[in-house]
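Coordinates in review
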Amino acid sequence: MDISIAMESSTDLGLLIGRFEDLEYLLELLNGVWESLEFRLEAISEKEGHYLFIQDDKSKDTAEVGIVEKRGDKVFAFTPAVHSLIMDAYARYIDEFGDPMS
């Protein structure tokens, strides 16, 4: 029996967040509702298509930061913590203000 194994390259890894333009729209929504929190993406100049996702809690003078990667029109988080950070902010928005798509 022959067994074939295909190794994934690092560009194949990541947790899907969604479309990049939807993430940008989400950040606009989030920045308009909580005064103490600021959400932003900052391009990493050394790595094309890579961004720092920043959730800045001004009331505590702290920030949570993680890397996301834009591949085509999709965006991926490299770690479960960053994926959860984004998805938890979205879930909180829905809980407090309802689904922005409806």
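For the structure itself, look to the data block above.
Notes on the structure in this doc start here. (Residues numbered from 1 in each chain as written. Predicted model: local features only at pLDDT ≥ 70, side-chain atom pairs only at ≥ 80, totals over all residues. Heavy atoms only, no water.)

**Considering the packing of helix α1 (residues 20-31) against helix α2 (residues 80-97)**
Basically, it comes down to this: Lines fitted to C-alpha atoms define the axes, with helix axes restricted to the stretch in contact, and inter-axis angles between N-to-C directions lie between 0 and 180 degrees. Counting from the N terminus, the helices are the DSSP runs of H or I reaching at least four residues and the strands are the DSSP runs of E reaching at least two. Under this scheme an angle from 65 to 115 degrees is roughly perpendicular, one under 35 degrees roughly parallel, and one over 145 degrees roughly antiparallel; angles in between are oblique. In a left-handed crossing the near helix is turned counterclockwise from the far helix by less than a right angle, and in a right-handed crossing that turn is clockwise. The contact definition used throughout considers only heavy atoms, calling two residues in contact when any of these lie within 4.5 Å. Three classes are used, and their members are as follows: Ala, Val, Leu, Ile, Met, Phe, Trp, Tyr, Cys and Pro are nonpolar, Asp, Glu, Lys and Arg are charged, and the others, Gly among them, are polar.
Packing of α1 against α2 leaves a shortest axis separation of 11 Å and a crossing angle of 55°. One way to sum up the angle between α1 and α2 is to call them oblique. Crossing angle aside, the handedness with which α1 passes α2 is left-handed. Counted together, Leu23, Leu26, Leu29 and Leu30 of α1 and Ile86, Ala89, Tyr90 and Tyr93 of α2 form the full contact between these two elements. Classifying every residue of the contact of α1 with α2 gives 8 nonpolar, no polar and no charged.

**Let's talk about the sheet that holds strand β3 (residues 50-57)**
Using the following cut-off: Two strands qualify as a pair provided DSSP detects at least 2 bridges between them.
Ordered in space as β1-β5-β4-β3-β2, the 5 strands form an open sheet in which the pairing is antiparallel. With one partner strand each, in any of the chains shown, β1 (15-19) and β2 (37-43) form the two edges of the open sheet. For this sheet, the mean inter-axis angle between neighbouring strands, taken without regard to orientation, is 30°. As paired strands, β1 and strand β5 (residues 74-77) are joined by 4 bridges and run antiparallel to one another. The residue of β5 that forms the bridge with Leu16 is Phe76.

**Here's the deal with the packing of aromatic side chains**
Put simply, the test is: Each aromatic pair joins two rings of Phe, Tyr and Trp (for Trp, the six-membered one) with centres within 6.5 Å, and gets the label stacked for planes under 30 degrees apart, edge-to-face for over 60, and tilted for any other angle. The classification of residues rests on relative accessible area computed with a 1.4 Å probe and restricted to protein chains. Under 20% of the type maximum is buried, over 50% is exposed, and intermediate values are partly exposed. In this scheme, the term charge over a ring applies when either NZ of a lysine or CZ of an arginine sits within 6 Å of the ring centre and within 35 degrees of the ring normal.
Scanning all chains against the criterion turns up 5 aromatic pairs. An angle of 40° between the planes, with centres 5.1 Å apart, marks the rings of Phe20 and Tyr51 as tilted. A residue pair is termed long-range when its members are at least 10 positions apart, and Phe20 in helix α1 and Tyr51 in strand β3 qualify at 31 residues. You can call Phe20 buried: its relative accessible area is 7%. Feature note: the residues Trp34, Phe39, Phe53, Tyr93 and Phe97 constitute an aromatic cluster, connected by ring pairs. Across from the ring centre of Phe76, 4.0 Å away, lies the NZ or CZ of Arg71, which sits over that ring. Arg92 extends its terminal NZ or CZ atom over the ring of Trp34, reaching a point 4.1 Å from the ring centre.

Purely geometric stuff here, so don't read any function into it on its own.
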